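# Coordinate inspection notes
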Amino acid sequence: MSNHSINYQEKFKLISTATLATALFKRGLKNQCIQGVSALHHSGKKLIGTAFTLRYIPAREDLNGLEVFRDPNHPQRVAVETCPEHSVLVIDSRKDARAASAGSILITRLFKRGCSGIVTDGGFRDSAEIAALDFPSYHSRPSAPTNLTLHQAIGINEPISCGDVAVFPGDLLVGDGDGVIVIPQHLIEEIAETCAEMTLFEDFVMERVKQGASIRGLYPPTNPETLVDFEKWKEIQDR
């Protein structure tokens, strides 16, 4: 990943998923929030990274015994060892958490390799150990059975579905306590700039509301004086 992309990732540290969802909605993108997942990690660390994908299909018993893990080219293992630094491993588990998508050993390996996080619309095993890592991890619920029980890893770094959202390799994922948003790759820089200004305005609005101001004319800024006051407020913040 280029330093340019990493610099844009830095900007997203100050932008909430709620703000991102609104910015994408304004561009007609209404289905960018991965459904049915929540943060497993307790550190509160934000998820920010480009998508590297892994796709599961339903397991077929004659192809999915425990011995498949002896193959160094097993797609799940390859994905863990090749997911790039600063990227997020996104797993299409068909929203099926009856068997785990991954466990603590594989997720710790991603952590140690410098990846930015992991998201699945299925579940993780060893969930308490994963929760203790300073590593953004999102899933639907804990799941003890090995992934081989129901999932067969079949595709690496191709377009997938995760929680009813289309995820393409290189898209940016941003996750916080409200969920995970997928930003199409071609919109990353534009959304970063737009949302930085939106976040500033929301900070201004919150300050006024805490001071007792009405939201009428303030949020949204239908009163022309609101934007004048906002510009003056920004000048004060820059001093």
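Here's a quick rundown of the structure.

Cut-offs used in this document
Residues numbered from 1 in each chain as written. Predicted model: local features only at pLDDT ≥ 70, side-chain atom pairs only at ≥ 80, totals over all residues. Heavy atoms only, no water. 1 Å grid on protein atoms, 1.4 Å probe; cavity = no way out; pocket = protein on both sides within 12 Å on 5 of 7 lines; lining within 4 Å. Points joined across faces, edges and corners; volume = space filled by probe spheres on them. Helix = DSSP H or I, 4+ residues; strand = E, 2+ residues; numbered from the N terminus. Nonpolar A, V, L, I, M, F, W, Y, C, P; charged D, E, K, R; others polar. Pairing = 2+ DSSP bridges. Phe/Tyr/Trp six-rings, centres within 6.5 Å; stacked < 30°, edge-to-face > 60°. Buried < 20%, exposed > 50% of the residue type's maximum accessible area, 1.4 Å probe, protein only. Lys NZ or Arg CZ within 6 Å of the ring centre and 35° of its normal. Arc of directions from axis to C-beta. Right-handed = clockwise from strand over helix to strand, strands pointing away.

The subject of this paragraph is the layout of surface pockets. By volume, the largest pocket is sized at about 310 Å³. Around the largest pocket sit 16 residues that line it, and Lys-45, Lys-46, Ile-48, His-86 and Ser-116 are the ones nearest its centre. With three residues, helix H1 (residues 3–12) is the largest single contributor of residues to the lining of the largest pocket. When grouped by side-chain class, the residues that make up the lining of the largest pocket number seven nonpolar, four polar and five charged.

Once that is clear, we can look at the sheet that holds strand S4 (residues 100–102). The strand order across the open sheet built from three strands is S4-S6-S8, with neighbouring strands paired in parallel fashion. A single partner strand is all that each edge strand has here, and the edge strands are S4 and strand S8 (141–142). Inspection of the sheet shows strand S6 (residues 123–124) paired to S8 by two bridges, in the parallel sense. Bridge assignment links Gly-123 to a residue of S8, and that residue is Arg-141.

Following the criterion strictly, the structure yields six aromatic pairs and no others. Ring geometry for Phe-201 against Phe-230: centres 5.2 Å apart, planes inclined by 85 degrees, an arrangement best described as edge-to-face. Of the two residues, Phe-201 is situated in helix H6 (residues 188–210) and Phe-230 in helix H7 (residues 224–238); the sequence distance between them amounts to 29 residues. When its relative accessible area of 3% is taken as the criterion, Phe-230 is described as buried. A network of ring pairs unites the aromatic residues Phe-201, Phe-204, Phe-230 and Trp-233 as a single cluster. Against the face of Phe-69 rests Arg-77, its NZ or CZ located 3.7 Å from the ring centre.

This part covers helix H2 (residues 17–26). Every buried residue belonging to H2 is among Thr-17, Thr-19, Leu-20, Ala-23 and Leu-24, and all of these are buried. One face of H2 carries all of its buried residues, which in axial projection span an arc of 155 degrees. Turned more than 90 degrees off the buried face of H2, the exposed positions are Phe-25 and Lys-26. Of the residues one or two after H2, Gly-28 is the one with positive phi, at around 85 degrees.

Buried residues dominate strand S2 (residues 47–58), accounting for nine of its twelve residues. As paired strands, S2 and strand S12 (residues 172–176) are joined by four bridges and run antiparallel to one another. Residue pairing across strands places Thr-50 opposite Leu-172, the latter belonging to S12. By the bridge criterion, six bridges tie S2 to strand S3 (residues 87–92) in an arrangement that is parallel. Looking at the pairing, Thr-53 lines up with Val-90 of S3. Following the chain from S2 across helix H3 (residues 75–82) to the adjacent parallel S3, one finds a crossover that is right-handed.

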